[in-house]
Amino acid sequence: MAPRTTDTKQRMVDAAADLLSQQGTAGTTIDAVLARSGAPRGSVYHHFPGGRNQLVLDAVQMVGDRISRSIDAATGKEPREALDDFAAFWRRMLVRTDYRSGCPVVALAVGGAEQIPGADRLVAEVFATWQAKFTALLTRRGVTPKRARSLANLVLSATQGAVVLCRAERSTAPLDHVVAELSELLAAAA
């Protein structure tokens, strides 16, 4: 049975997200996406009339939504548990890819967003959504809104920085250390 059209589109978006996380925006070419996804060349403009730019944006949006759902799944948990879940996502990704992958949203933010119309806005929206979700999680546990926003910003900044260090060191130790320090802060705040 031939794959459905939506399967082809999803494979291409998944491939673009993987490429972004491993090779950055410059390495996320149409040819690389086609090679990784196994999709036929005609699929590009059928599913992505905006070409590579649309494909990259769709991939970043997908990752943003996926991580947002994982933060939402932490509703009702203690902030430390939510942090552990968030870190576990990155830890699994790092180990699964032998430390070759980072965050596709970060990859677009630090290289290439200026070349893709709407990319700066999308990256800002994704990070703002993650921060708002962590802020809400903290405020539900009694942290003042101002402090919750500050802590949410710290959680995102520190974990994303730790992912970069993990890749460089080929170890989850930087992420583990960051999570341990942040856990104490979150416990004290809540």
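Further up the page is the structure itself.
Residues numbered from 1 in each chain as written. Predicted model: local features only at pLDDT ≥ 70, side-chain atom pairs only at ≥ 80, totals over all residues. Heavy atoms only, no water.

Trainee: I would appreciate a short explanation of the overall build of the protein in the present structure.
Mentor: Across its full length, the protein holds 9 helices and 0 strands. Along the protein, helices (α) and strands (β) appear in the sequence α-α-α-α-α-α-α-α-α when read from the amino end. Here the C-alpha atoms of the protein give a radius of gyration of 18 Å, agreeing with the 16 Å that 2.2 N^0.38 yields for 190 residues. In terms of overall dimensions, the protein has a C-alpha envelope of 55 × 40 × 30 Å along the principal axes. A sequence separation of at least 24 residues applies to 66% of the contacts in the protein between residues at least 6 apart. Accessible surface, the protein as shown: approximately 9300 Å² in total, 54% of it carbon and sulfur. Across the protein, the 23 positively charged side chains and the 19 negatively charged ones have centroids separated by 3 Å. (Helix = DSSP H or I, 4+ residues; strand = E, 2+ residues; numbered from the N terminus. Rg over C-alpha atoms; globule rule 2.2 N^0.38 Å. Contact = heavy atoms within 4.5 Å. Areas by Shrake-Rupley, 256 points an atom, 1.4 Å probe, with all protein chains shown as cover. Lys, Arg positive; Asp, Glu negative; His and termini not counted. Charge placed at Lys NZ, Arg CZ, Asp CG, Glu CD.)

Trainee: Where do I start with helix H2 (residues 30–37) in this structure?
Mentor: Residues separated by three or four positions in an α-helix point in the same direction, a consequence of the helix having 3.6 residues per turn. Among all positions in H2, only Ile30, Ala32, Val33, Leu34 and Ser37 are buried. Just past H2, the residue Gly38 takes up positive phi, approximately 75°. (Buried < 20%, exposed > 50% of the residue type's maximum accessible area, 1.4 Å probe, protein only.)

Trainee: Looking at this structure, how should I read the state of the cysteines?
Mentor: Put plainly, two cysteines are in a disulfide when a covalent bond ties their sulfur atoms together. A full pass over the atoms with the stated rule returns 0 disulfides. No disulfide involves Cys103; its sulfur sits 13 Å from that of Cys166, the nearest cysteine. Note on Cys103: relative accessible area 6%, which makes it buried. Among the residues examined, Cys166 registers a relative accessible area of 0% and is labelled buried. (Disulfide = S-S within 2.5 Å.)

Trainee: Which parts of the structure should I look at to understand the packing of aromatic side chains?
Mentor: Inspection of the entire model under this criterion finds 5 aromatic pairs. Between Phe86 and Phe134 the ring centres are 5.2 Å apart and the planes differ by 80°, which places this aromatic pair in the edge-to-face class. Of this pair, Phe86 sits in helix H5 (residues 79–96) while Phe134 sits in helix H7 (residues 119–140), and the two are 48 residues apart along the sequence. Judged on exposure class, the residue Phe86 and its partner Phe134 are both buried. Taking 4.8 Å as the distance between ring centres and 85° as the angle between the ring planes, the aromatic pair formed by Phe89 and Trp90 counts as edge-to-face. The class of Trp90 is buried, set by a relative accessible area of 1%. (Phe/Tyr/Trp six-rings, centres within 6.5 Å; stacked < 30°, edge-to-face > 60°.)

Geometric descriptors of this kind do not, in isolation, establish any biological role.
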